[in-house]
Amino acid sequence: MKALAALGIDVGSSTCKIVGVDESGELIWHLLEQADPRAEDQVQRFLKAAEQKFGPLKAVPFVATGYGRKLVKDAAKNITEISCHAKGVYHELQKPGTLVDIGGQDSKVIVIGAGGRVVDFAMNDKCAAGTGRFLENTAGRLHVPLEALGKTALSADREETISSTCTVFAESEIISLVAHGVAVEPILKGLHRSLVSRIVAMIRSVGLVSPLMLSGGVARNEAMRKLLEEETGEKVHLPQYPQLMGAYGAALIGLKNG
Amino acid sequence: MTESITIRGKLRYQLAVNVAGRLTLAFRRRRNERKTARPGWSRDVLAPPLKLSARMKELMSRHYLGGRYANGAKKVAWVTSGAPIEILKALGFYILYPENHAALCGARRKTVEIASEAENAGYSRDICSYARTDIGAVLSGKTPVGRLPRPDVLLACTNICQTVLYWYRVLADYFKVPLILIDTPFIYEEAHAHDVAYVKRQLEDMIPAAEKIAGKKLSFKRLKEVVRFSREASFLWLEVLDRAKHRPSPITAFDGFIHMAPIVDLRGEPVVIDLYRQLLKEIDVRISKGIGAVKHEKKRLLWDNLPIWFKLRKMAQTFAGYGANVVAATYTYAWGELAPMMDETRPLESAAQTYLHPLLNQGTGHKLESMQKMVREFSLDGVVLHSDRSCKPYSLGQIDQRDYFVNHAGIPALLLEADHNDPRSYSDQQAENRIAAFMEILEDSSNAD
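A quick note: this is a predicted structure, and the numbers were derived from the prediction, not measured.

Draft legend 1. Representation of the overall build of chain B. If you tally the helices and strands in chain B, you get 19 helices and eight strands. Taken over C-alpha atoms, the radius of gyration comes to 22 Å for chain B, in line with the 22 Å a tight globule of 449 residues would show. Dimensions of chain B, computed from the C-alpha atoms along their principal axes, are close to 70 × 50 × 50 Å. In chain B, which comprises 449 residues, the proportion classed as buried is 59%.

Below you can see the structure in the form of C-alpha cells.
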C-alpha cells in the first residue's frame, strides 16, 4: 500500500468526497457518499475511515473545499472548489484549457492557465436549470434511473424542445408532453440540450480555450458529453474520476503546501 | 393638494428642527464621537471608523428631520439623484431624494418590508428596488426617518435611467402635483451644441414653473451662489476620493459610499463644503501617520456600480479579511468628476453641460475608459463588477468590460450578482464563494508574477 501524503475533502451540496494522494500526487484512496445534512459528522466519519486505512493522520496535510468547506474545522486550509477543480483536472490531464464543472447545486466554467492556475471563471448559482439538480428532478419525474439518463437520451432518434427556462416549469412542460403521448427518450434528449445550451452560453461568456474538459458528477452522463461536443465542436476530455476532482485538487494543494 | 406656507408651519419648523432637533442631534453626535468601538466592527482587519461619520450622520439626520416638518414651512420638491437642483435650491425648496431615502432604508434593512407594499399593489419585482422602496413608502407611510414630506413639485431628469420617467409619473398621479421633466439626450461620444441648447432651454422653461410653485422670483445672484457651492463641494469630494491613491489607502470605497450622502442630498449648501474640508483633514492625518483603512493592505480593487447597501459593512470586512482594499468606485466618483463643468458665471448653460454628462448618460465605452483610468491612477490589482439586478443601465456592458480586463489587460475581474437594495436578490454564501475564488486568483496571479 502506498503511503498517504495528503488528504482533500470536498463537502458538496449533493455528495461528500474524500481523496488521499501519495507523495507523487497520485490518487490512492477515496470515499464518496450522498451529502449528509450533518456535514461535520460525515467529515469525522470520513477521517476515521482514513485513519483506519492509513493509521494516525496527525502529520498528514488536509485541505477542505466545496460549499461546506468552512464546516471542516480540522482542515489546515479551505480553498474554493473553483481553484481545487482546476488544480485536480490540470494535474491529471496536464494541460491548460476550459473546464466545465457541473455540480448538484451550481455549474461553473473555469479557464485554467499554466500550472493549473485559475485565469477566469463564470458561475451559475442563481438558477437550478443549469445544474445537475435539473436532470435529477426530471429523471425522477420520468422514472428513469439517474445512471441510465444519458444512455436513454442518446437512444432517441428525434428531440423535443423544452423551452421553459426554469427547473420547476420544465417539469410541468415534461408532464404535459408525457400526457400528450410523447415518448420518454426525445423528451430527455431535449432536456439535455436545454442544459447544455445554458452551459455553452457560460463558456462563451469567458471565451473557450481548447481543450474543453468536464468534471463534476454530471460528467458521468454520456449525453451531456456528446451534446457538449456537438454544440461547441470541441472534443470533451474527461478525467478518470470527474466527481472527485475537487477533493483531489484540495489534496494536491495540501501536498504542495505540506 | 399642496400645503400653503403658514407662520404656524414656519414656527413649528424652527422649533422642531433648528432648536430641539439641533440640540438633540448635536448631543447624539458628541456621544457618537466619544464611542471608540462599534458593535460588529472587525478591528483586526479594518482601521476604526472615520471620526467624521458622527458629524455626517448628524447632518443627514437634520436633513431628514427638516423633511418631517417641511410641509407648511417650505415648498418641497422630490427629485431624481441626477436632477439639476440648483434652481430649486435657489428658490428655497426643501429637496428630498427618494433614491437616497431608499438607500437609507436598504442600509437599515427595511427594504423588504417597504418594497413589499409596492409589490402587493402590483409593482413587479423586476422594477428597480429604489423605485419599489419609494413607492412602497409612499403607499404605506413606512419609513425609518419618521415621515416624508408631501411634495409640491417633482423633478425628474432622465440622465440616470428611463425608470425615473415612469416612477415619477406614478408619484405625480398619486400626489396630484406637477412633474417637471428634464430630458437629457444620450451621449454616445460627445455632447453636441444642440444637445446643450436643448437641455438649457428646458431649464429656462423650468424656471417660471418652479417660481409659480415657490411663490417668488428666482434671484440669479442666489442661483450663482448655489452653483458656486455645488462646484466647490464637488471638487472637495473629488479630492477626498483621490486621497485613496495613497498606499496604503486611508479610506475605502465603502467609506465613500457612506460619506457621499451630503454631496447628493445637500449639494449647493455651504455646510457640505465645511464637512468635506474636515473629512480631508482627518484623512490627511491618517496619511501622515501611514494609517490604512484596511490593515495589511495587500491588494487594491475597483468597485463598479452602486453598492449593496444592505451589505456595506459585510463587504468591507470580507474584502479586508483578505487584505484587499476596495479603494475606488465608479459610483462615488460620478459625484465629483463633473465639478469642472459647473460655472457660476454661466449657471444655466453649465448646468445643461453638467447634467448631460453623468456616467449613465454616456456610452459603455466611456465607462470602460473611466475604469481603465482609475485602474492606472489608483494602482489597482483587480476589478469587482457588481451586476446590479435593479440598475440595468449601470450593469449593461459589464460582460464586455470584464472581458477587457481579464483577456486584454490581464487584470482579474469578478462579476458579483446582487442588487443595490433588495436582499432577496442576494445570497451571502454565493457572494462569499465568488469573492473567495476571486481572491485566490489574485493571490495566484501575484505568485506567478
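Draft legend 2. Structural view of the overall build of chain A. Scanning chain A from terminus to terminus reveals eight helices and 10 strands. Its C-alpha radius of gyration of 19 Å places chain A within 12% of the 18 Å reference for a compact globule of 258 residues. The C-alpha extent of chain A, read off along each of the three principal axes, is 60 × 35 × 30 Å. Residues classed as buried in chain A amount to 57% of the 258 residues present. Within chain A, contacts between residues separated by at least 24 positions form 65% of all contacts whose residues are at least 6 apart in sequence. Carbon and sulfur atoms make up 52% of the accessible area of chain A, which totals about 11000 Å².

Draft legend 3. Representation of the sheet that holds strand 7 (residues 382-388) of chain B. All names here are of chain B. Strand order in the open sheet formed by four strands is 6-5-7-8, with parallel pairing between adjacent strands. Edge positions in the sheet fall to strand 6 (324-329) and strand 8 (413-418), since each of these pairs with one other strand and no more. When the angles between neighbouring strand axes are averaged without regard to direction, this sheet yields 30°. Sheet topology note: the strand 5 (residues 299-304)/strand 7 ladder contains four bridges and is parallel. Its bridge partner lying in strand 7, Leu 301 is registered against Gly 382. Packing of helix 16 (residues 364-377) onto the sheet brings it into contact with strand 5, strand 6 and strand 7, and relative to strand 5 it is tilted by some 160°.

Draft legend 4. The arrangement of a nonpolar patch on the surface in detail. Together, B:Leu11, B:Leu15, B:Val19 and B:Leu23 make up a nonpolar patch on the protein surface, roughly 410 Å² of accessible area in all. On the accessibility criterion, B:Leu23 (60% relative accessible area) is exposed.

Draft legend 5. How the structure looks around the interface of chain B and chain A. Tallying the contact residues gives 19 residues for chain B and 21 residues for chain A. At the boundary of chain B with chain A, total buried surface from both sides reaches about 1800 Å², with 44% on carbon and sulfur atoms. In this structure, B:Glu432 and A:Lys70 form a salt bridge, with 3.6 Å as the shortest nitrogen-oxygen distance.

Draft legend 6. Seen up close, the side chain of B:Asp152. Residue placement: B:Asp152 occurs in the loop between helix 6 (129-140) and strand 3 (153-157). Within the structure, B:Asp152 has its side chain in polar contact with the backbone nitrogen of B:Val76 (distance 2.6 Å).

Draft legend 7. Representation of the pairing of strand 4 (residues 179-182) of chain B in the model. Residue and element names in this part refer to chain B. On strand 4, burial follows the alternation: Ile 180 and Ile 182 on one face are buried, whereas Leu 179 and Leu 181 on the facing-out side are not. One ladder, built from four bridges, connects strand 3 with strand 4; its direction is parallel. In the sheet register, Leu 155 faces strand 4, and the bridge partner there is Ile 180.

Draft legend 8. Examining the packing of aromatic side chains more closely. All names here are of chain B. One pass over the full model with this rule turns up 15 aromatic pairs over all chains. Plain terms: the ring middles of Trp 167 and Tyr 168 are 5.6 Å apart, the flat faces sit at 55° to each other, and that makes the pair tilted. Relative accessible area serves as the criterion here: at 4%, Trp 167 is assigned to the buried category. Between the aromatic rings of Tyr 404 and Phe 405, the centroid separation amounts to 5.2 Å while the plane-to-plane angle is 70°, which identifies the pairing as edge-to-face. Classification of Tyr 404 by relative accessible area gives partly exposed; the value is 25%. In this structure Phe 405 comes out as buried when scored by relative accessible area, which is 1%.

Draft legend 9. Region of interest: the sheet that holds strand 9 (residues 212-215) of chain A. Residue and element names in this part refer to chain A. Read across the sheet, five strands follow the order 8-7-6-9-10 without closing on themselves; strand pairing throughout is mixed. Looking at the sheet topology across the chains shown, the edges are occupied by strand 8 (118-124) and strand 10 (236-237). Here strand 9 runs beside strand 10; their pairing, made up of two bridges, is parallel. By the bridge assignment for strand 10, Leu 212 is matched with Val 236. Packed onto the sheet, helix 6 (residues 184-206) meets strand 6 (97-102), strand 7 (107-112), strand 8 and strand 9 and runs at close to 35° relative to strand 7.

Draft legend 10. The arrangement of the layout of surface pockets in detail. Residues and elements named next belong to chain B. A volume near 790 Å³ is recorded for the second largest pocket. Forming the boundary of the second largest pocket are 44 residues, of which Ile 160, Cys 161, Pro 358, Leu 360 and Asn 361 lie nearest the centre. Going through the elements one at a time, helix 7 (163-175), helix 15 (347-356), helix 16 and helix 17 (392-395) are the ones with two or more residues in the lining of the second largest pocket. For the lining of the second largest pocket, the residue count by class is 23 nonpolar, 16 polar and five charged.

Draft legend 11. Up close: the nonpolar core. Membership of the largest hydrophobic core comes to 165 residues, with the highest contact counts inside it found for B:Phe257, B:Trp303, B:Met315 and B:Phe319. With 10 residues, the single largest contributor to this core is helix 9 (residues 220-242) of chain B. Setting aside residues up to four positions removed in sequence, B:Met315 forms contacts with B:Phe254, B:Trp303, B:Ile308, B:Leu416, B:Tyr426, B:Ala431 and B:Ile435. Counting 37 residues, the second-largest nonpolar core is a separate cluster that includes A:Leu149, A:Ala170, A:Ile187 and A:Leu214.

Draft legend 12. Examining a positive patch on the surface more closely. Residue and element names in this part refer to chain B. On the surface, Arg 28, Arg 30, Arg 31, Arg 34, Lys 35, Arg 38, Lys 57, Arg 108, Arg 109, Lys 110 and Arg 313 cluster together into a positively charged patch. A total of four residues in the positive patch trace back to one element, the largest contributor, which is helix 1 (residues 7-34). The exposure class assigned to Lys 110 is partly exposed, which follows from its relative accessible area of 36%.

Draft legend 13. Structural context of helix 8 (residues 193-214) of chain B. Residues and elements named next belong to chain B. Between the first and last C-alpha of helix 8 there are 31 Å, a value that for 22 residues agrees with the 32 Å anticipated at 1.5 Å per step. Listing the buried residues of helix 8 in full gives Asp 195, Val 196, Val 199, Gln 202, Leu 203, Met 206, Ile 207, Ala 210, Glu 211, Ile 213 and Ala 214. Those residues of helix 8 hidden inside the fold are in contact with helix 3 (86-90), strand 3, strand 4, helix 9 and helix 15. Gly 215, located one to two residues past helix 8, shows a positive phi value of around 75°.

Draft legend 14. Spatial organisation of the side chain of A:Glu160. All names here are of chain A. Within the element layout of this structure, Glu 160 appears in the loop between helix 4 (149-154) and helix 5 (167-179). Judged by relative accessible area, which is 19%, Glu 160 ranks as buried. Beyond its immediate sequence surroundings of up to four residues, Glu 160 is in contact with Leu 177, Val 182, Pro 186, Ile 187 and Gly 190.

So, how was this worked out
- Residues numbered from 1 in each chain as written.
- Chains lettered and ligands numbered in written order.
- Predicted model: local features only at pLDDT ≥ 70, side-chain atom pairs only at ≥ 80, totals over all residues.
- Heavy atoms only, no water.
- Helix = DSSP H or I, 4+ residues; strand = E, 2+ residues; numbered from the N terminus.
- Rg over C-alpha atoms; globule rule 2.2 N^0.38 Å.
- Buried < 20%, exposed > 50% of the residue type's maximum accessible area, 1.4 Å probe, protein only.
- Contact = heavy atoms within 4.5 Å.
- Areas by Shrake-Rupley, 256 points an atom, 1.4 Å probe, with all protein chains shown as cover.
- Pairing = 2+ DSSP bridges.
- Axes fitted to C-alpha atoms, helices over the stretch in contact; angles between N-to-C directions.
- Patch = residues over 30% accessible without salt bridge, like charges linked within 9 Å, V, L, I, M, F, W, Y side chains within 5 Å.
- Salt bridge = Lys/Arg side-chain N within 4 Å of Asp/Glu carboxyl O.
- Buried area = accessible area lost by both parts, 1.4 Å probe.
- Polar contact = N/O pair within 3.5 Å; in protein donor to acceptor, adjacent residues only side chain to side chain.
- Phe/Tyr/Trp six-rings, centres within 6.5 Å; stacked < 30°, edge-to-face > 60°.
- 1 Å grid on protein atoms, 1.4 Å probe; cavity = no way out; pocket = protein on both sides within 12 Å on 5 of 7 lines; lining within 4 Å.
- Points joined across faces, edges and corners; volume = space filled by probe spheres on them.
- Nonpolar A, V, L, I, M, F, W, Y, C, P; charged D, E, K, R; others polar.
- Core = buried A, V, L, I, M, F, W, Y, C linked by side-chain atoms within 4.5 Å.
- Lys, Arg positive; Asp, Glu negative; His and termini not counted.
- Charge placed at Lys NZ, Arg CZ, Asp CG, Glu CD.
- Expected span 1.5 Å × (residues − 1).

Read these as spatial facts, not as claims about activity.
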